[in-house]
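Next come the chains, spelled out residue by residue.
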Amino acid sequence: MSLLPVPRVAVIVVAAGSGTRLGSGSPKAFVGIDSHTILRHALRGVLAGPEAQVIVVAPAERVGDAQTEVLDAAGERRDLVAVVAGGDTRQASVAAGLGAVWADVETVLVHDAARALTPPDVFARVIDAVEGGSDAVIPVLPVVDTLKRVEADAVVEPVDRSVLAAAQTPQGFRRAVLDEAYRDAAADHTDDAALLQAAGTVVRTVPGDELAFKITTPADLERARALVAPIPPVVPVPLATVPRVGIGTDVHAFGGDDTLWLAGLEWPGEPGLKGHSDGDAVAHAIVDAVLAAAGLGDIGTHFGTDQPQYAGAHAAAFLARTRALAAEAGWVIGNVSVQVQANRPRFAARRVEAEQVLSDALGAPVSVSATTTDGLGFTGTGDGVAAFAVAVVMPA
Ligand code: CTP
Ligand code: MG
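Report follows, based on the coordinates.

About the thresholds
Residues numbered from 1 in each chain as written. Chains lettered and ligands numbered in written order. Predicted model: local features only at pLDDT ≥ 70, side-chain atom pairs only at ≥ 80, totals over all residues. Heavy atoms only, no water. Phe/Tyr/Trp six-rings, centres within 6.5 Å; stacked < 30°, edge-to-face > 60°. Buried < 20%, exposed > 50% of the residue type's maximum accessible area, 1.4 Å probe, protein only. Lys NZ or Arg CZ within 6 Å of the ring centre and 35° of its normal. Near = heavy atom within 4 Å. Polar contact = N/O pair within 3.5 Å; in protein donor to acceptor, adjacent residues only side chain to side chain. Areas by Shrake-Rupley, 256 points an atom, 1.4 Å probe, with all protein chains shown as cover. Helix = DSSP H or I, 4+ residues; strand = E, 2+ residues; numbered from the N terminus. Contact = heavy atoms within 4.5 Å. Pairing = 2+ DSSP bridges. Axes fitted to C-alpha atoms, helices over the stretch in contact; angles between N-to-C directions. Core = buried A, V, L, I, M, F, W, Y, C linked by side-chain atoms within 4.5 Å. Salt bridge = Lys/Arg side-chain N within 4 Å of Asp/Glu carboxyl O. Right-handed = clockwise from strand over helix to strand, strands pointing away.

### Remarks on the packing of aromatic side chains
Evaluated as defined, the whole model comprises 4 aromatic pairs. A ring pair is formed by Y310 and F318, whose centres lie 5.3 Å apart and whose planes are at 50°; its orientation type is tilted. An identical accessibility class is assigned to Y310 and F318; each is buried. Among the aromatic residues, those joined into a cluster by ring pairs are F303, Y310 and F318. Stacked on the ring of F30, the Lys or Arg R62 has its end atom at 4.4 Å from the ring centre. Directly above the ring of F213 sits R223, whose terminal nitrogen or CZ lies 3.9 Å from the centroid.

So, in C-alpha cells, the structure goes:
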C-alpha cells in the first residue's frame, strides 16, 4: 500500500494510434527515436513534470509492451502509472483513459505520446492555469508561415495569421468539465479542446514550446532524432594508463613575522620566512610537483591569494587539498622526493619527523633531503631557502 497522498492531477498519454503517416510498420509510439521509443521519450517529459497519476493508452495488442516501458520509466512513481487499451479514434482512446482516472483527481491533462520531446515545464504551465481557475487550457505557438486559403491549386485569399495559433498538447481540463463533455460527445474531434468548445466551454491558451511538435511524418522523426542525438565531446579525454611525473620548485626569503615553518614543522627560535601562507617552500614545491604530474596546473591555480582560507595555512592544509584534487582527477600519488637548499635550519635531526608529517598529509611517501650550497647563491648567503620536488602519480 502506498503512503503517498493521491495526486489531484492525472495525465492521459494517448499512444494508441497506428502511425499511418509515419509509415514505419509498427504503432507510432513504439518507433525508436534513439535507443528509446517515442513513448519512452514522452513519458520522460511527463514524469519529470509535477507529480500526477499517469495513464498510458496503448494499442490493445501492445498493452504489455507499454506496461514494460511505463514501469521502466516510472522509477519512484511506479504506484502512479497504469496502461489501458485504446480505441479506433483518438477521441475513443482519450475516453478509455478517462475511465481509469482516480476519483480524487480534479485536473486532467491529455497528451499526445507523439509529442515526445515536450519539456516538463509545459505540463507545469497547463496545470497552473487549470488550478488557477480555467476549465480548459491548451498550449499554443504563434503561426510563423504566411497563410492562404486555397481551392484546388488556386489561392482564394490571404489569411491573417495574427488571429491564429497552432495548438499543442498537453491540454488541461477541469476534470468534471472533461467528463461531462466526453459523456455527451456527439461528433469526433481531432483534439479535446475542440470537443469542449463544441460543448460551450471557454478554452484558454498558455505558451507552448517548439519542442512539443508532433512526430507525424518521417521528416518529423528525423528532426526528433537530431534533437536527441548525444553531443560528442569537443576534446576526447585520453584514458590515463601510465604513471606521470611532475616537478615543482619554490623559494622564500627570510624576514617573516612568525617563527619558521618549513617541511610541515615549526622550528622555534629560527627566523621565519615571508609568504602569503607560512612560506613553507618545501610544502609548496611538493604541491607544484603533484599538480604538474596530474596535469592540474600549479599552486597559483588552486591556492592563489584570492583564496583567503590559505593565508597563514600550514603544509597539512595544502597537501591534503592537493591529494584531494589529484584524486578527483583520477590519480593516486605514488611518491614525492623533495630537496631543500638552505644554511638553516639544520634538517638532520628532524628529517624523519618532517617526512612523517608530510607523508601523512599527502597520503603518499614523501622523502626529504637537505643540502647547503657551499656559501654560494641566496641560499648560501642565508637570504632564503629553496626547495625542489619531483612527484609520481598513477591512474587510480
Ligand atoms: N491516438 C490514439 N488512438 C487513436 C489514434 C491516435 O491514442 N486511435 C494517439 C496517437 O497515438 C498520438 C496522438 O493520438 O499520440 C495523435 O495522433 P496522430 O499523431 O494522428 O497519431 P496516429 O493516429 O498514430 O498517426 P496517423 O494519423 O498518421 O495514423
Ligand atoms: Mg491519427
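### A few points about the site of ligand 1
The full set close to ligand 1 counts 18 residues, and V14, T20, K28, S93 and K214 are the nearest of them. Between an oxygen atom of ligand 1 and a main-chain N or O atom of V14, the distance comes to 2.8 Å. Here an oxygen atom of ligand 1 sits 3.2 Å away from a polar atom, N or O, in the main chain of A114. Notes on ligand 1: free accessible area 560 Å², of which the protein chains cover 87%.

### A look at the environment of V159
For V159, the position within the fold is in strand β7 (residues 154-159). Along the backbone, V159 and A364 are 205 residues apart, and their C-alpha atoms lie at a distance of 77 Å.

### What about the side chain of Q53?
In this fold, Q53 is placed in strand β2 (residues 53-58). What makes Q53 buried here is its relative accessible area of 2%. In this structure the side chain of Q53 is engaged in a polar contact, spanning 3.0 Å, whose partner is the backbone oxygen of A100. The residues touching Q53, leaving out its near neighbours within four places in the chain, are P7, V9, A10, V11, L80, A100, V101, W102 and V105.

### Quick notes on the sheet that holds strand β13 (residues 331-341)
The mixed open sheet is built from 5 strands, whose spatial order is β12-β11-β15-β13-β14. The open sheet has two free edges, formed respectively by β12 (265-273) and β14 (366-371), since each of these has just one partner strand. Strand-to-strand twist in this sheet, taken as the mean axis angle between neighbours without regard to direction, amounts to 35°. Examined bridge by bridge, β13 and strand β15 (residues 384-395) share 10 bridges and lie antiparallel to one another. Of the residues in β15, the one forming a bridge with Q341 is A386. Lying on the sheet, helix α11 (residues 351-362) is in contact with β12, β13 and β14; it crosses β14 at an angle near 140°.

### Structural notes on the nonpolar core
Residues L262, V282, I286, V290, V336 and L358 are the most contacted members of the largest nonpolar core, which totals 45 residues. Of all the secondary structure elements, the ones that give two or more residues to this core are β11 (244-262), β12, α8 (281-293), α10 (315-328), β13, α11, β14 and β15. The element contributing the most residues to this core is α8, with 10 residues. Residues in contact with V282, not counting those within four places in the same chain, are L262, A263, V338, V340, L358 and A387. Core analysis: the next-biggest nonpolar cluster, separate from the first, contains 29 residues, L47, A58, A66 and V206 among them.

### Things to note about unusual backbone geometry
Only a minority of non-glycine residues have a phi that is not negative, and only a minority of peptide bonds are not trans. Backbone torsion omega between T169 and P170 reads 5°, so that peptide bond is classified as cis. Looking along the chain, the bond that leaves R344 and enters P345 is cis, with omega of 5°. Within the element layout of this structure, P345 appears in the loop between β13 and α11. Its identity as a non-glycine residue notwithstanding, D374 has a phi of 60°, on the positive side. The exposure class assigned to D374 is exposed, which follows from its relative accessible area of 72%.

### Quick word on the packing of α10 against α11
Two elements in contact, α10 and α11, have axes whose closest approach is 7 Å; the angle formed by their N-to-C orientations is 40°. Where α10 approaches α11, its residues A315, A316, L319, A320 and R323 are matched on the opposing element by L358, D360, A361 and L362.

### Let's talk about the pattern of salt bridges
Considering all chains together, one arrives at 16 salt bridges under this definition. With a closest N to O distance of 2.9 Å, D192 and R90 form a salt bridge. Taken together, the residues D192 in helix α6 (residues 192-198) and R90 in helix α3 (residues 90-98) connect sequence positions 102 residues apart. Judged by its relative accessible area of 0%, D192 is buried. For R90, a relative accessible area of 22% puts it in the partly exposed group. For E328, the salt bridge is made with R321, and the minimal N-O distance between the two is 3.7 Å. Taking the relative accessible area as the measure of exposure, E328 reaches 62% and is therefore exposed. Linked through salt bridges whose partners overlap, the residues forming this network are R90, D112, R115 and D192.

### Some details on helix α1 (residues 38-48)
Think of an α-helix as turning once every 3.6 residues; residues three or four places apart then point the same way. Counting buried positions along α1 yields 9 of 11 residues, so the element is predominantly enclosed. If you check which residues of α1 are buried, you get I38, L39, R40, H41, A42, L43, G45, V46 and L47.

### Examining the pairing of strand β1 (residues 9-14)
With 6 of its 6 residues buried, β1 lies for the most part within the structure. By the alternation rule, side chains of β1 split into V9, V11 and V13 and A10, I12 and V14, which are all buried. In this sheet, strand β4 (residues 107-112) lies alongside β1 in parallel orientation, the contact comprising 6 bridges. Opposite V13, over in β4, you have H111 as the bridge partner. What joins β1 to β2 is α1, and the crossover it makes is right-handed.

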